[in-house]
Amino acid sequence: MLLLRYSGLRMQDAASLKRSRITDGRLFLTTQKTGTVVYCPLPPDVLTALDAVTNDHADYIFWDGGSARETTVKSWNRVFVKLFKAATPPIVGGHPHRFRDTFAVSLLLNGVTLESVSKLLGHTSIKVTERHYAPWVKARQDQLEADVKRTWVS
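Residues numbered from 1 in each chain as written. Predicted model: local features only at pLDDT ≥ 70, side-chain atom pairs only at ≥ 80, totals over all residues. Heavy atoms only, no water.

**Some thoughts on helix 3 (residues 44-52)**
The set of residues buried in helix 3 consists of Val 46, Leu 47 and Leu 50. Seen end-on, helix 3 carries its buried residues on one side only, within an arc spanning 100°. More than 90 degrees from the buried face of helix 3, the exposed residues found are Pro 44, Thr 48, Asp 51 and Ala 52. Where helix 3 is buried, its residues touch helix 1 (2-7) and strand 1 (22-23). (Buried < 20%, exposed > 50% of the residue type's maximum accessible area, 1.4 Å probe, protein only. Helix = DSSP H or I, 4+ residues; strand = E, 2+ residues; numbered from the N terminus. Arc of directions from axis to C-beta. Contact = heavy atoms within 4.5 Å.)

Next comes the structure, spelled out in structure tokens:
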């Protein structure tokens, strides 16, 4: 959960993440879906949690390295469905991809540019990022609000 929240990775990339893809506190990989490079620092507590994960295959954090990646992704999706149902209150419509959304929105609300968020998400075009996250760009919302307030004075 922490990896998804603080990296913005898609489930397929997180589930089959190699330990070697995290070096000096930074995540570096080529995404499976779009083939784009993602480079992102991870918070110390996330790094500590990932280091503590034990796995039968030493090269991977969550994947056994033998089963199909799709099987691993489906297994983790089932784990998250159970987690969301077990939450108090239960999280209706919960899905791991929402952690990716939270990652993007939290960056945008803290002033990170849409272009930077697009790169961190591994989008091949900023237009994809803009289509999904433009309403959350804090600077844009602040500007729109200022524009409306200026009309009040006239």
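Having seen it, we continue.
**Quick look at the pattern of salt bridges**
Enumeration over the complete set of coordinates arrives at three salt bridges. Put simply, Lys 119 and Glu 115 hold a salt bridge, and the shortest N to O gap is 3.5 Å. Here Glu 115 and Lys 119 lie together in helix 6 (residues 114-121), a separation of four residues that amounts to about one turn. Judged by relative accessible area, Lys 119 falls into the exposed class, the value being 55%. On the accessibility criterion, Glu 115 (48% relative accessible area) is partly exposed. (Salt bridge = Lys/Arg side-chain N within 4 Å of Asp/Glu carboxyl O.)

**Quick word on helix 6**
Those residues of helix 6 that sit buried are Leu 114, Val 117, Ser 118, Leu 120 and Leu 121. Buried residues of helix 6, seen end-on, are gathered within an arc of 165° and therefore sit on one face of the element. Those residues of helix 6 hidden inside the fold are in contact with helix 1, strand 3 (37-41), helix 5 (97-109), helix 7 (126-133) and helix 8 (138-153). Gly 122 lies just past helix 6 and shows a positive phi near 75°.

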